[in-house]
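# Structural features, examined
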Amino acid sequence: MEQPPRGSLVSPQVFYRTTEESEATYCPVFRSSLRGTLCLGDVEPWEPKLEPSPRAQYDLSGTRAALLLSVIRSRPGAKHDVEALGSLCQALNFKITLRTNPTAQAFQEEMVQFRECLDALSAPVSCALVALMAHGGPQGQLLGADGQEVQPEALVQELNRCRALWGCPKIFLLQACRGGHRDAGVGPTALSWFRRWLRASPTTPSHADVLEIYTDAQGSASRGPTAGSSDQADILMVYAAAEGCVAYRDEKGSDFIQTLAEVLRADPGGDLLELLTEVNRRVCELDVLGPDCPERRKACLEIRSSLRRPLCLQA
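Values in this document were obtained by computation on a predicted structure and should not be read as measured data. Throughout, a residue's number is its position along its own chain's written sequence, starting from 1. This being a predicted model, a pLDDT of at least 70 is required before a residue's local features are given, and a value of 80 or more before pairs of side-chain atoms are given or counted; all residues contribute to the totals for chains, interfaces and linings. Side-chain numbers come from the whole structure's heavy atoms, not from hydrogens or water.

In terms of regular secondary structure, the chain is built from seven helices and 15 strands. When burial is assessed residue by residue, the chain has 50% of its 315 residues classed as buried. Each accessible area value is a Shrake-Rupley result obtained with a 1.4 Å probe; residue values ignore everything except the protein chains displayed when judging cover. Within the structure as shown, the chain displays about 15,700 Å² of accessible surface, and the carbon and sulfur contribution to it stands at 51%. Helix and strand definitions here come from DSSP, where helices need a minimum of 4 consecutive H or I residues and strands a minimum of 2 consecutive E residues; each element is numbered from the N-terminal end. A simple rule labels every residue: compare its accessible area, found with a 1.4 Å probe on the protein chains alone, to the largest value its type can have, and call it buried under 20%, exposed over 50%, or partly exposed in between.

Next up, the structure:
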């Protein structure tokens, strides 16, 4: 079966341009679980064609720093995620700080130390990547190795205080459950022979193919920076599961991290939002068997972005 074209959103340039040209006190944020390119039709433009911005992409010529925080204890396959992400970050020239089995307090302390180290650097910093990998609580909290909770939004706010990263992209990867719902997916019923003939999953995650754009505080349920505010700019957050849902992992690692590493290694110079849309498409196609659920379930990423320019991790 022919693969659908890879791409993200209506046009990434539209969102980049809208965000870049907004006033300093305003920054739109979009949330996406799209699985491919979305075109609104072959129509004549009613405004002049957008010209490329003089600053077409984020400048990543400075230091790139990655902080990987992973609870490995009681999480089979987590070591494989750490290895895959560490190898990927190394290939993309990130300086890596790795901490395993952090307590809830250590999550916060490591983020503070990471921010302080970046602010202390004499050389310019161009990008930061933070991976948070742990069990998740019923309301999207992260659980430290001690079983205590930490709010991921608090960690995002901490890095937002980093002066060295003002105007620079900040990437957050969250491999954790955001609730206990196991999505059975939606789709037409079909005979088993027809499903085999299609050679594709007949169901789609119920949270897939959604695009939301926030231009003010309304609609934002997070405890982090207010959607639409200037302190939300230049942030890319990728959740391994939709809100309220389980994030899947087995002894080989998690669907999200392993697929992410596979896609970025194949095209490290591509626009990161487009690559993440491809990651989501692949994750959505998977059928998952959970340890305490005999029936197949579906998973879907959630991508939140306020990036103001294209982000390519390799020239």
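Once the structure has been displayed, the description carries forward.
Put simply, helix H6 (residues 255–266) and helix H7 (residues 272–285) touch, their axes get as near as 9 Å, and they point 130° apart. Taken together, the axes of H6 and H7 lie oblique to each other. Relative to H7, the crossing made by H6 is right-handed. Residues Asp255, Phe256, Thr259, Leu260, Glu262, Val263 and Leu264 of H6 touch H7, and the partners they reach there are Leu272, Leu275, Leu276, Glu278, Val279, Arg282 and Val283. When residue character is reported, Ala, Val, Leu, Ile, Met, Phe, Trp, Tyr, Cys and Pro are called nonpolar, Asp, Glu, Lys and Arg charged, and the others, Gly included, polar. Split into classes, the residues belonging to the contact of H6 with H7 amount to nine nonpolar, one polar and four charged. What counts as an axis is a line fitted to C-alpha atoms, over the stretch in contact for a helix, and the angles between N-to-C directions run from 0 to 180 degrees. By the definition adopted for this analysis, an angle is roughly parallel if under 35 degrees, roughly antiparallel if over 145, roughly perpendicular if from 65 to 115, and oblique otherwise. It is the rotation of the near helix from the far one that decides the hand of a crossing: anticlockwise by less than a right angle makes it left-handed, clockwise makes it right-handed. Throughout, a residue-residue contact means that at least one pair of heavy atoms, one from each residue, lies within 4.5 Å.

On to the pattern of salt bridges, then. Any carboxyl oxygen of Asp or Glu within 4 Å of a side-chain nitrogen of Lys or Arg constitutes a salt bridge here. Tallied over the full model, the rule gives 16 salt bridges. A salt bridge links Arg178 to Glu302, with the nearest nitrogen and oxygen atoms 3.0 Å apart. Taken together, the residues span a long stretch of sequence, with Arg178 in the loop between strand E8 (170–175) and helix H5 (192–198) and Glu302 in strand E15 (residues 302–305) at a distance of 124 residues. Overall, the relative accessible area of 10% leaves Arg178 in the buried class.

On to the pairing of strand E1 (residues 29–32). Burial along E1 is two-sided: the residues Val29 and Arg31 and Phe30 and Ser32 are all buried. Two strands are said to pair when DSSP picks up at least two bridges between them. Relative to strand E9 (residues 211–214), E1 runs antiparallel, the two sharing four bridges. By the bridge assignment, Val29 is partnered in E9 with Tyr214. Note that E1 and E15 share three bridges and pair antiparallel. Paired with Ser32 across the strands is Ile303, a residue of E15.

Let us now look at helix H4 (residues 152–160). Most of H4 is tucked away: seven of the nine residues are buried. Of the residues making up H4, those classed as buried are Pro152, Glu153, Leu155, Val156, Glu158, Leu159 and Asn160. In this structure, the buried residues of H4 make contact with helix H3 (104–120), strand E4 (125–133), strand E6 (142–143), strand E7 (149–150), E8 and strand E10 (235–239).

Bringing helix H2 (residues 78–91) into the picture now. Between the first and last C-alpha of H2 there are 20 Å, a value that for 14 residues agrees with the 20 Å anticipated at 1.5 Å per step. Taken as a whole, H2 has its buried residues at Ala78, Asp81, Val82, Ala84, Leu85, Gly86, Leu88 and Cys89. Just past H2, the residue Asn93 takes up positive phi, approximately 70°. Here the expected length of a helix is defined as 1.5 Å per residue gap, with one fewer gap than residues.

Read these as geometric descriptors, not functional statements.
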